[in-house]
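# A look at the structure
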Amino acid sequence: GETGDYSIRSGMSRQDEFGLLNDGFNTMVSRIQSRETEREMAEQTLHQRVKEITALNTLAQKVGASLSVEQVVQSIIAGVHKYIHPDLVVFFLRVDDQLVPQGTGSGECHHFEKVHRQKGHQCLCGRAASKGIPQYSGDIERDKRFAGEFCVNEKVRSFAALPLRGRDEIIGVL
């Protein structure tokens, strides 16, 4: 927007009501000038941040377009291990109504794909995918929501299934 010249001050020097009005006017103009300067600086900072975010988004799109699903899955699994240190990580992609394992980290998953292809809608991973909310269990052997035998066979005790969103739908579970 347009800004005025806020450097103009009234030079009147009186000790009456007009002098008080003059002082008040000068103070008001000084405050407006200060706020205008702050606003302009904030606007410049905002424009710089928009440029930075746009550049990062463009870079991320280019990198994302060059990565395979396998590379992304392995990066996610490595990141989970680095920061959380779980015994087992499994990454699923949702294909129609099935959860299809895409990769695992730490531990052997002997019959995981078969169990989830058959019972994907009944297990906690399937619930996370269908409801779109994380599912947690501190003791899966006693949890009545848990219908699969895989984790029991793999000696998993506690469990977390985190839905992964892509735009407007659940695309997988971690």
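Everything below is about the structure printed above this text.
This is a predicted model, so every value here is computed, not measured.

This brings us to a nonpolar patch on the surface. On the surface, Leu-56, Leu-59, Val-63, Leu-67, Val-72 and Ile-76 cluster together into a nonpolar patch covering about 470 Å² of accessible area. Elements with a contribution of two residues or more to the nonpolar patch: helix 1 (17–66) and helix 2 (69–84). At three residues, the largest contribution of residues to the nonpolar patch is made by helix 1.

Within the open sheet, the four strands sit side by side as 2-1-6-5. Their pairing is antiparallel. At either end of the open sheet lies a strand with only one pairing partner, and these are strand 2 (98–105) and strand 5 (163–166). On average, each strand axis in the sheet is inclined to that of its neighbour by 35 degrees, with strand direction left out of account. Here strand 5 runs beside strand 6 (residues 169–173); their pairing, made up of four bridges, is antiparallel. Within strand 6, the residue paired with Gly-166 across the bridge is Glu-169. This element, helix 2, spans strand 1 (89–95) and strand 2 of the sheet and lies at about 60 degrees to strand 2. Taken strand by strand, helix 4 (residues 124–131) contacts strand 1, strand 2, strand 5 and strand 6, and its axis lies near 160 degrees from that of strand 6.

Rules of the game
- Residues numbered from 1 in each chain as written.
- Predicted model: local features only at pLDDT ≥ 70, side-chain atom pairs only at ≥ 80, totals over all residues.
- Heavy atoms only, no water.
- Patch = residues over 30% accessible without salt bridge, like charges linked within 9 Å, V, L, I, M, F, W, Y side chains within 5 Å.
- Areas by Shrake-Rupley, 256 points an atom, 1.4 Å probe, with all protein chains shown as cover.
- Salt bridge = Lys/Arg side-chain N within 4 Å of Asp/Glu carboxyl O.
- Helix = DSSP H or I, 4+ residues; strand = E, 2+ residues; numbered from the N terminus.
- Pairing = 2+ DSSP bridges.
- Axes fitted to C-alpha atoms, helices over the stretch in contact; angles between N-to-C directions.
- Contact = heavy atoms within 4.5 Å.

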